[in-house]
Amino acid sequence: IVDNIFENSPDSHGAELWGPITKVKFNRNYCYNIRQCLHTSSWGEARYTSAEFNHNVGLKLSRMGIEIQSLIDDAQIIGNYMAGWRNVNQPENTACAARYGYNCDSMGLSLAFGGLRAVIRNNIILGPSKRFGDATEGGTSFGIELSTGDGSVTTNNFIVNMAPAIEAAHASGSHLIN
């Protein structure tokens, strides 16, 4: 899934991949005014290899830029740009990291896949600006939700106005977060 434009469908995903995720490429896609760019989901203990999620742009999303829920070893998540989340007027929820009407799942990258040797680098994630006295600004959720496994590297990512920038509570094994 390379070099596509997904736009102006606020309740849709750019791509929704269910099942085996082996050697998938989701690269250089443009996502504008949609729910999220990509969601993958696989089930069971099967491990998949060598997937790329590189150089995608997501603007005016209401949920996650890229959400990976497939057990992938040697995944690359490099050079993505996510910014300008769309406010959906969600009611306040104290169990949610997002506030001020942003979706609970308004994350830049949700990497909840437990894969080994993942490389997450050079991604830019810009949350809404926080203007003094303006309750509609700021309030998006995690920049990167990180749940990767041994040998993974998360480095040189630029994350602004996301709370928190990197949530690594479910990452396992030896990791480099820089």
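Check the entry above for the structure.
In this text the structure is predicted, and so the values were computed from the model without any measurement.

Undergrad: It is not clear to me how the side chain of Ser62 should be interpreted in this structure. Could you clarify?
TA: Examined against the element boundaries, Ser62 turns out to sit in the loop between strand 4 (57–59) and strand 5 (66–69). In contact with Ser62, not counting residues within four places along its chain, are Pro10, Ile34, Arg35, Trp85, Arg86, Val88, Asn103 and Ser106.

Undergrad: Even after reading the chapter, I still don't get empty space enclosed by the protein, so can you show me in this structure?
TA: Where empty space is left can be seen by rolling a probe of water-molecule size over the atoms. By the definition in use, this model includes one cavity of 30 Å³ or more. Considering the residues around the largest cavity, the lining is formed by Gln90, Pro91, Glu92, Asn93, Cys96, Ala98, Arg99, Tyr100, Gly101 and Tyr102. Grouping the constituent residues of the lining of the largest cavity by class yields five nonpolar, three polar and two charged.

Undergrad: Got a minute to help me understand the environment of Trp18 in this structure?
TA: Looking at the element boundaries, Trp18 is found in strand 1 (residues 5–18). Exposure remark for Trp18: the relative accessible area of 53% places this residue in the exposed category. When the C-alpha atoms of Trp18 and His39 are compared, they prove to be 8.4 Å apart, with 21 residues separating the residues in sequence. Here Trp18 is in contact with His39, Ser41 and Trp43, once residues within four sequence places are set aside. Here the side chain of Trp18 touches Glu16 through a polar contact of 2.8 Å, side chain to side chain.

Undergrad: Would you mind showing me how to read the packing of aromatic side chains here?
TA: Pairs of aromatic rings are described using the distance from one ring centre to the other and the angle between the two planes. Counted by the stated rule, this structure contains one aromatic pair. Here the aromatic rings of Tyr30 and Tyr32 are separated by 6.4 Å at their centres, their planes lie at 5 degrees, and the arrangement is stacked. Taking relative accessible area as the criterion, Tyr32 reaches 30% and is therefore assigned partly exposed.

Reading the values: the criteria
- Residues numbered from 1 in each chain as written.
- Predicted model: local features only at pLDDT ≥ 70, side-chain atom pairs only at ≥ 80, totals over all residues.
- Heavy atoms only, no water.
- Helix = DSSP H or I, 4+ residues; strand = E, 2+ residues; numbered from the N terminus.
- Contact = heavy atoms within 4.5 Å.
- 1 Å grid on protein atoms, 1.4 Å probe; cavity = no way out; pocket = protein on both sides within 12 Å on 5 of 7 lines; lining within 4 Å.
- Points joined across faces, edges and corners; volume = space filled by probe spheres on them.
- Nonpolar A, V, L, I, M, F, W, Y, C, P; charged D, E, K, R; others polar.
- Buried < 20%, exposed > 50% of the residue type's maximum accessible area, 1.4 Å probe, protein only.
- Polar contact = N/O pair within 3.5 Å; in protein donor to acceptor, adjacent residues only side chain to side chain.
- Phe/Tyr/Trp six-rings, centres within 6.5 Å; stacked < 30°, edge-to-face > 60°.

Everything listed here is a matter of geometry and, on its own, says nothing about what the molecule does.
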